[in-house]
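Below, each chain spelled out in residue letters.
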Amino acid sequence: MKTRLAIITLLCVPACCYAQGPKACEELKSEIATKLEAKGVKTYSLDIVGKDQDATDGKVVGTCEGGAKKIVYRKTAAATEPAKEAPKS
């Protein structure tokens, strides 16, 4: 009896997760951006591209819309600070 209950429980868990459906790309992109910023990452871009598009210059960090699209993380150049003017005498 306990074995049957365990099997039924294990089979229902994935079904519950699947019932939530695929995530919208903008929602997932926002969640990833929040995690990156919490880790102190400042210079990056997250791009939503088609699943067949090449991501050689970045890293795929998520998929959305049921696998139809993917989110690509790319490092960007650090923002340069404006040059300070010399003090006037």
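See the structure printed just above.
Overview of the structure.

Structural notes on the nonpolar core
Line of reasoning, step 1. If you look at the biggest cluster of nonpolar residues, it comprises 10 residues: Cys25, Leu28, Ile32, Ala33, Leu36, Tyr44, Leu46, Cys64, Ile71 and Tyr73.
Line of reasoning, step 2. Those elements giving two or more residues to this core turn out to be helix H2 (25-38), strand S1 (44-50) and strand S3 (69-75).
Line of reasoning, step 3. By residue number, the principal contributor to this core is H2, which donates 5 residues.
Line of reasoning, step 4. Other than its neighbours up to four places away in sequence, Leu46 contacts Lys29, Ile32, Ala33, Leu36, Val61, Ile71, Val72 and Tyr73.

What about the packing of aromatic side chains?
Line of reasoning, step 1. Enumeration over the complete set of coordinates arrives at 1 aromatic pair.
Line of reasoning, step 2. Both rings, one in Tyr44 and one in Tyr73, keep their centres 6.3 Å apart while their planes meet at 25°; by these two values the pair is stacked. Of this pair, Tyr44 sits in strand S1 while Tyr73 sits in strand S3, and the two are 29 residues apart along the sequence. Both residues of the pair, Tyr44 and Tyr73, count as buried.

Re the sheet that holds S1
Line of reasoning, step 1. Sheet architecture is open: 3 strands sit in the order S1-S3-S2, paired in antiparallel fashion. Each edge of the open sheet carries a strand with a single partner, namely S1 and strand S2 (59-64). Across the sheet, the mean angle from the axis of one strand to that of its neighbour is 25°, orientation sign disregarded.
Line of reasoning, step 2. In terms of strand pairing, S2 meets S3 through 5 bridges, oriented antiparallel.

What to know about the pattern of salt bridges
Line of reasoning, step 1. Inspection of the entire model under this criterion finds 5 salt bridges.
Line of reasoning, step 2. Put simply, Glu27 and Lys23 hold a salt bridge, and the shortest N to O gap is 4.0 Å.
Line of reasoning, step 3. Take Lys23: its relative accessible area is 35%, and that puts it in the partly exposed class.
Line of reasoning, step 4. With a shortest N-O distance of 2.8 Å, Glu31 and Lys23 are connected by a salt bridge.
Line of reasoning, step 5. Residues joined in a network through salt bridges with shared partners are Lys23, Glu27 and Glu31.

Some remarks on H2
Line of reasoning, step 1. Taking 1.5 Å as the rise per residue, H2 with 14 residues should run 20 Å; its terminal C-alpha atoms sit 20 Å apart, in good agreement.
Line of reasoning, step 2. All of the buried residues in H2 are Cys25, Leu28, Ile32, Ala33 and Leu36. All buried residues of H2 project into a common sector of 140° when viewed along the axis, lining one side. Facing away from the buried side of H2 by more than 90 degrees, the exposed set consists of Glu26 and Ala38.
Line of reasoning, step 3. Packed against the buried residues of H2 are S1, S2 and S3.
Line of reasoning, step 4. Following H2 by one or two positions, Gly40 has its phi on the positive side, about 90°.

Conventions and cut-offs
- Residues numbered from 1 in each chain as written.
- Predicted model: local features only at pLDDT ≥ 70, side-chain atom pairs only at ≥ 80, totals over all residues.
- Heavy atoms only, no water.
- Core = buried A, V, L, I, M, F, W, Y, C linked by side-chain atoms within 4.5 Å.
- Buried < 20%, exposed > 50% of the residue type's maximum accessible area, 1.4 Å probe, protein only.
- Helix = DSSP H or I, 4+ residues; strand = E, 2+ residues; numbered from the N terminus.
- Contact = heavy atoms within 4.5 Å.
- Phe/Tyr/Trp six-rings, centres within 6.5 Å; stacked < 30°, edge-to-face > 60°.
- Pairing = 2+ DSSP bridges.
- Axes fitted to C-alpha atoms, helices over the stretch in contact; angles between N-to-C directions.
- Salt bridge = Lys/Arg side-chain N within 4 Å of Asp/Glu carboxyl O.
- Expected span 1.5 Å × (residues − 1).
- Arc of directions from axis to C-beta.

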